[in-house]
Amino acid sequence: PLLEGDYLPSRTQHGWTGLGGPAIKLTSTTRECISPLHNNGGQDRTGRLSENRPAIKELTECNIIGSGIFISPKGVLEHAGSVGLSLIVWVCGGGICALGSMCYAELGVTIPKSGGDYSYVTEIFGGLVGFLLLWSAVLIMYPTTLAVIALTFSNYVLQPAFQNCVPPYLATRLLSTICILFLTWVNCSSVRWATRIQDVFTVAKLLALGLIIAVGLVQICRGHYDALRPSQAFEFTRDPSVGQIALAFLQASFAFSGWNFLNYVTEEVVEPRKNLPRAIYISIPLVTLVYTLTNIAYFSSMTPEELLASNAVAVTFGEKLLGVFSWVMPISVALSTFGGINGYLFTSSRLCFSGAREGHLPYLLAMIHLKNCTPIPALLVCCGATIVILCIGETHNLINYVSFINFLSYGVTIAGLLYYRWKRPNLLRPIKVSVLVPISYLVFWAVLLGFSLYSEPVVCGMGIYHHAHRGTRLLTISESTGRTSPDVSTGSWVSDSYTPCIASPCRSFTRRS
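Residues numbered from 1 in each chain as written. Predicted model: local features only at pLDDT ≥ 70, side-chain atom pairs only at ≥ 80, totals over all residues. Heavy atoms only, no water.

- Per an unreviewed UniProt entry, the protein carries the name Asc-type amino acid transporter 1 and comes from Oncorhynchus tshawytscha.
- The UniProt entry for the protein carries the following text under Subcellular location (unreviewed entry): "Cell membrane". (UniProt positions renumbered as here; feature names shortened; annotations may be inferred.)

Below you can see the structure in the form of structure tokens.
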């Protein structure tokens, strides 16, 4: 933890501070500014929660039920081919997330570091694998997810104005870009405003889902559930195949993609041995129930053909059932996705910042602005990567692309759990799941990725190519320029041109002196 009297790099004339700068002594004023980003997991000397933790808790909860439920139903139904199979995919998707969450709970208490997958694979496999995973997260996973949510935001905002057609390509991209730029500016200006936006817009997300489920249940009570009858629910619009079912799971997994977010703030959790499993046992079944009920509500008022033809499912649902109050639905979903973009910008910039602080990304990204206390360079990188991706991709292809890469990283991390048991068999593990849990997940993982790659070789293959080829190329460039390079045997990073702090080094700013 940062204490009074610790040394930090000093502020430069441009207002930045970073690795290897001149040192200044920490005062009460600088502690207030630096601690949200640089202290040891947000803990004070006693290990109690710091005042920064409520914001982190809110951001974690907001990402459990994400905006994906307003995006993915169309893709799941399109690939599943029938209403009944699509509902089975949603339920089984929650079960697979529960298996993965139990594995991550063991990793979270065995390797008690914040950072999620990045921290675990770096500890288990070394710096090279951690570097590749971090690179893919910063430049592929988070920006692509942000692009999908931003495109959903613009579609729901513009759909009421283009009721009989798809909103223009240029209009959706322009509005998405404006939204990304505005929220980047907010996150650059103030951490407090970013967390307040998240709190306010979470209400819109819950309002939209609650309204959809309530209206859908009323429709079912009135007898409007023809599409849900078993005789019709399993009428396939196409011959089912394993490859298409795998793609349906990829679409559903996008909506569940926040299940491992708690592991990014493990150090912030009080008594993780009790609270990590408790969070899993409560949140995953709850989210699965909410998502399944939401899809049942959609089918209580729309035929499968109407749902597949809709560019904004919740808007079509509202227009059919809410009458003069149909405007509530696009506004609620737009506000929900707006908050989702803000949350992902917040977390992705912090991951980028943490990786740079460890030496796995350029040291510029480890700098913060002392006046605003925000990682502006990291936010700008996330913003730029997102704008590039949203201009070159279509929503459902981007979902398949990012979900494939997400599953790839999940599988590597859970395989690391088995390897770590073999490598460190006597290590204390407060939570130890049955070996059948990670094996079952990895079997499903291998089948899903194999058949997804077979069905969509271009989209999924690009994910593997970018993950491996470009990450290795970045590593080669960093070595050839004399910047940081990995010591794979120890998992640490060294640099021949590294400038240590002048005074006592603070481990929050220097990896090695």
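## What about the overall build of the protein?
So, point 1. Helix and strand counts for the protein stand at 18 helices and six strands.
So, point 2. Counting only residues that meet the buried cut, the protein has 57% of its 513 residues in that class.
So, point 3. For the protein, contacts bridging at least 24 residues in sequence account for 76% of all contacts bridging at least 6.
So, point 4. Only carbon and sulfur atoms are counted for the fraction: they give 63% of the accessible area of the protein, which is about 22000 Å². (Helix = DSSP H or I, 4+ residues; strand = E, 2+ residues; numbered from the N terminus. Buried < 20%, exposed > 50% of the residue type's maximum accessible area, 1.4 Å probe, protein only. Contact = heavy atoms within 4.5 Å. Areas by Shrake-Rupley, 256 points an atom, 1.4 Å probe, with all protein chains shown as cover.)

## Regarding the side chain of H360
So, point 1. As for its placement among the helices and strands, H360 is situated in the loop between α14 (328–357) and β4 (368–369).
So, point 2. H360 gets classed as buried once you look at its relative accessible area, which sits at 4%.
So, point 3. In this structure the side chain of H360 is engaged in a polar contact, spanning 3.0 Å, whose partner is the side chain of Y118. (Polar contact = N/O pair within 3.5 Å; in protein donor to acceptor, adjacent residues only side chain to side chain.)

## Considerations on the packing of aromatic side chains
Working definition: an aromatic ring pair is given by the centre-to-centre distance plus the angle between the planes.
So, point 1. Tallying each qualifying case throughout the model produces 17 aromatic pairs.
So, point 2. Seen from their ring centres, F407 and Y441 are 6.5 Å apart, and the 20° between their planes marks the pair as stacked. Here the residue F407 occupies a position in helix α16 (residues 395–423), and Y441 occupies one in helix α17 (residues 436–455), the gap between them amounting to 34 residues. Across the pair, exposure class does not vary: F407 and Y441 are buried alike.
So, point 3. What links up through ring pairs into an aromatic cluster is the set Y104, Y120, F249, W259, F407, Y410, Y441 and F444. (Phe/Tyr/Trp six-rings, centres within 6.5 Å; stacked < 30°, edge-to-face > 60°.)

## Things to note about the confidence of the model for the protein
So, point 1. Of the residues in the protein, 75% have a pLDDT of 70 or more, and the chain-wide mean is 75.
So, point 2. Note that pLDDT drops below 50 for residues 1–61; the model gives that stretch 132 contacts with residues more than four away or on any other chain.
So, point 3. Here residues 477–513 is a poorly scored stretch, pLDDT under 50, and it has 75 contacts once near neighbours within four places are set aside; other chains count. (pLDDT = per-residue confidence, 0-100.)

## A look at the packing of helix α10 (residues 242–255) against α17
So, point 1. Where α10 meets α17, the closest approach of the two axes is 8 Å, and the angle between their N-to-C directions is 110°. With respect to α17, the element α10 is oriented roughly perpendicular. Contacts between α10 and α17 pair V242, G243, Q244, A246, L247, F249 and L250 from the former with F444, L448, F451, S452 and S455 from the latter.
So, point 2. Considered class by class, the residues forming the contact of α10 with α17 number eight nonpolar, four polar and no charged. (Axes fitted to C-alpha atoms, helices over the stretch in contact; angles between N-to-C directions. Parallel < 35°, antiparallel > 145°, perpendicular 65-115°, else oblique. Nonpolar A, V, L, I, M, F, W, Y, C, P; charged D, E, K, R; others polar.)

## Quick word on the packing of helix α8 (residues 191–221) against helix α13 (residues 313–321)
So, point 1. Two elements in contact, α8 and α13, have axes whose closest approach is 12 Å; the angle formed by their N-to-C orientations is 50°. Of the possible angle classes, the one that applies to α8 and α13 is oblique. Between α8 and α13 lies a crossing of left-handed hand. Contacts from I212, V215, G216 and Q219 of α8 reach α13 at A314, F317 and L321.
So, point 2. Here the contact of α8 with α13 is built from residues that sort into five nonpolar, two polar and no charged. (Left-handed = near helix turned anticlockwise from the far one by under 90°.)

## Re a nonpolar patch on the surface
So, point 1. A cluster of nonpolar side chains, contributed by V242, V435, L436, I439, V443, V447, F451 and Y454, occupies part of the molecular surface with about 760 Å² of accessible area.
So, point 2. Top element by residues in the nonpolar patch is α17. It accounts for six residues.
So, point 3. Position of V447 relative to the elements: it lies in helix α17. (Patch = residues over 30% accessible without salt bridge, like charges linked within 9 Å, V, L, I, M, F, W, Y side chains within 5 Å. Salt bridge = Lys/Arg side-chain N within 4 Å of Asp/Glu carboxyl O.)

## A closer look at the environment of P167
So, point 1. Mapping P167 onto the fold places it in the loop between α6 (127–158) and α7 (169–189).
So, point 2. Since its relative accessible area comes to 5%, P167 is described here as buried.
So, point 3. As a C-alpha pair, P167 and Y156 span 11 residues in sequence and 9.5 Å in three-dimensional space.
So, point 4. Here P167 is in contact with N155, L158, Q159, F162, T172 and N311, once residues within four sequence places are set aside.

## Observations concerning the nonpolar core
So, point 1. Core analysis: the largest hydrophobic core is formed by 122 residues, its most contacted members being F70, Y291, Y298, I341 and F407.
So, point 2. When residues in this core are grouped by element, the largest group, 16 residues, is from α6. (Core = buried A, V, L, I, M, F, W, Y, C linked by side-chain atoms within 4.5 Å.)

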